[in-house]
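# Breakdown of the fold
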Amino acid sequence: MKAKVIVVTSGKGGVGKTTSTANIGAALAHQGEKVAVIDVDVGLRNLDVVMGLESRVVFDLVDVLEGKCRLEQAMIKDKRVDGLFMLPASQTKDKDALKEDDLRRVVDELINERGFDRVLLDSPAGIEAGFRTAAAPAEGALVVVNPEVSSVRDADRIIGLLEARQIGEIKLIVTRVRPKMVASGNMLSEADILDILGIKPIGIIPEDEAILESTNMGEPAALGSSRAGQAYVDTARRMRGEDLPFPKLTEERSGFIAKVMRMFGGA
């Protein structure tokens, strides 16, 4: 994935978008990139908690834009991984405090003046103003989706909006995959999702209790040895151009899968 500025988004909440942002950012940095992850979900702010950096937050993105601090004062360097930095969102402002042009200026400074290889923008879920702001500076997008009907349908809408904004590289991260359910035909596989959305996944993350544990502990799973953590590492490697195979999750088209495909106009 050649894009340097990537929005991480989803059609619905609770699919693992912020967890994916944290883990992919950590994995890319561990592989040698200088990475900034920016929480664009103004009013909520969860990325700092998922990364275990909440106690170090002094200033935030809106403080930078309002001139209360310099950009480097608001950015938090992750001490566990060289090259990983996090810029938190404001918890006290509403989404109107962040404008598209303001975010473009911050991202431009990070890429063109401060030498970052990659900027990941953790977008609010949904298609409201916060999503449009987060997508404004993006050259590429990672759409996080669960292998369930409502999530895939919402992702289809998001992909259409990203394409309308002429974002060139759009890839899928499929999270919470249960191989046994895929194998029995009771959960959508990556092939089914590709048939529906027309976009090939760049990452397939299995359901794994280690993700919940790592999120609660503020330790990105990509820095550990769990199955899900390794899947995020592999995702980052694919983003950097490596051709890695996905685990084989064979399935038969059960009545459930066939029904879903008909709903989306597939075979």
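Just so you know, these numbers come straight off a predicted model, no measurement behind them. (Residues numbered from 1 in each chain as written. Predicted model: local features only at pLDDT ≥ 70, side-chain atom pairs only at ≥ 80, totals over all residues. Heavy atoms only, no water.)

### Examining unusual backbone geometry
Excluding glycine, most residues fall at negative phi; most peptide bonds, likewise, are trans. Selection criterion: Helix and strand assignments follow DSSP, with helices taken as H or I runs no shorter than four residues and strands as E runs no shorter than two, numbered in order from the N terminus. The buried label goes to any residue with under 20% of its type's maximum accessible area, the exposed label to any with over 50%, and the partly exposed label to all in between, with areas taken from a 1.4 Å probe on protein chains only.
Residue Gln-166 is not a glycine yet carries a positive backbone phi of 60°. Relative to the elements of secondary structure, Gln-166 occurs in the loop between helix H7 (149–164) and strand S7 (169–177). For Arg-176, which is not a glycine, the phi torsion comes out positive at approximately 60°. Within the element layout of this structure, Arg-176 appears in strand S7. Taking relative accessible area as the criterion, Arg-176 reaches 37% and is therefore assigned partly exposed.

### Remarks on the UniProt feature "binding site: ATP" (unreviewed entry) in the protein chain
Defined as follows: UniProt positions are given in the numbering used here, feature names are shortened, and annotations may be inferred rather than shown by experiment. Cavities and pockets are found on a 1 Å grid laid over the protein atoms alone: a cavity is a set of points where a 1.4 Å probe fits but cannot escape, a pocket is an open set with protein on both sides within 12 Å along at least five of seven lines, and a lining residue has an atom within 4 Å of such a point. In this description, contact between two residues means that some pair of their heavy atoms is separated by no more than 4.5 Å.
Mapped onto the present numbering, the UniProt feature "binding site: ATP" (unreviewed entry) falls on Lys-12, Gly-13, Gly-14, Val-15, Gly-16, Lys-17, Thr-18 and Thr-19. Here, the largest pocket is lined by Gly-14, Val-15, Gly-16 and Thr-19 out of the annotated residues. Apart from the residues within four sequence positions on either side, Lys-12 is in contact with Ala-125, Glu-148, Ser-150, Ser-151 and Asp-154. With respect to the helices and strands, the residue Gly-14 is situated in the loop between strand S1 (5–9) and helix H1 (17–30). Those residues in contact with Gly-14 that sit more than four places away from it in its chain are Asn-146 and Arg-176.

### Regarding the packing of aromatic side chains
Two aromatic rings are characterised by how far apart their centres lie and by the angle between their planes. Convention followed: Pairing of aromatic side chains here covers Phe, Tyr and the six-membered ring of Trp, requires ring centres within 6.5 Å, and sorts the geometry by plane angle: under 30 degrees stacked, over 60 edge-to-face, intermediate tilted. Geometrically, a lysine NZ or arginine CZ counts as sitting over a ring once it is within 6 Å of the ring centre and also within 35 degrees of the ring normal.
Across all of its chains, the model carries one aromatic pair by this definition. Aromatic side chains Phe-85 and Phe-116 sit 5.4 Å apart centroid to centroid with 80° between the ring planes, which places their arrangement in the edge-to-face category. Remark: Phe-116 occurs in the loop between helix H5 (100–112) and strand S5 (118–122) and Phe-85 occurs in strand S4 (residues 84–87); sequence separation between them is 31 residues. Residue Phe-116 is classed as buried on the basis of its relative accessible area, which comes to 4%. It is Lys-34 that lies over the ring of Phe-116; its NZ or CZ is 4.5 Å from the centre.

### Thoughts on the pattern of salt bridges
Rules: Whenever a carboxyl oxygen of Asp or Glu lies within 4 Å of a side-chain nitrogen of Lys or Arg, that contact is scored as a salt bridge.
A full pass over the atoms with the stated rule returns 19 salt bridges. Between Lys-68 and Glu-66 there is a salt bridge; the shortest N-O distance is 3.2 Å. Note on Lys-68: relative accessible area 52%, which makes it exposed. Residue class for Glu-66 comes out partly exposed when judged on its relative accessible area of 39%. Residue Arg-80 pairs with Asp-78 through a salt bridge whose shortest N-O separation is 2.6 Å. Through salt bridges with shared partners, a single ionic network connects Arg-70, Glu-72, Glu-109 and Arg-114.

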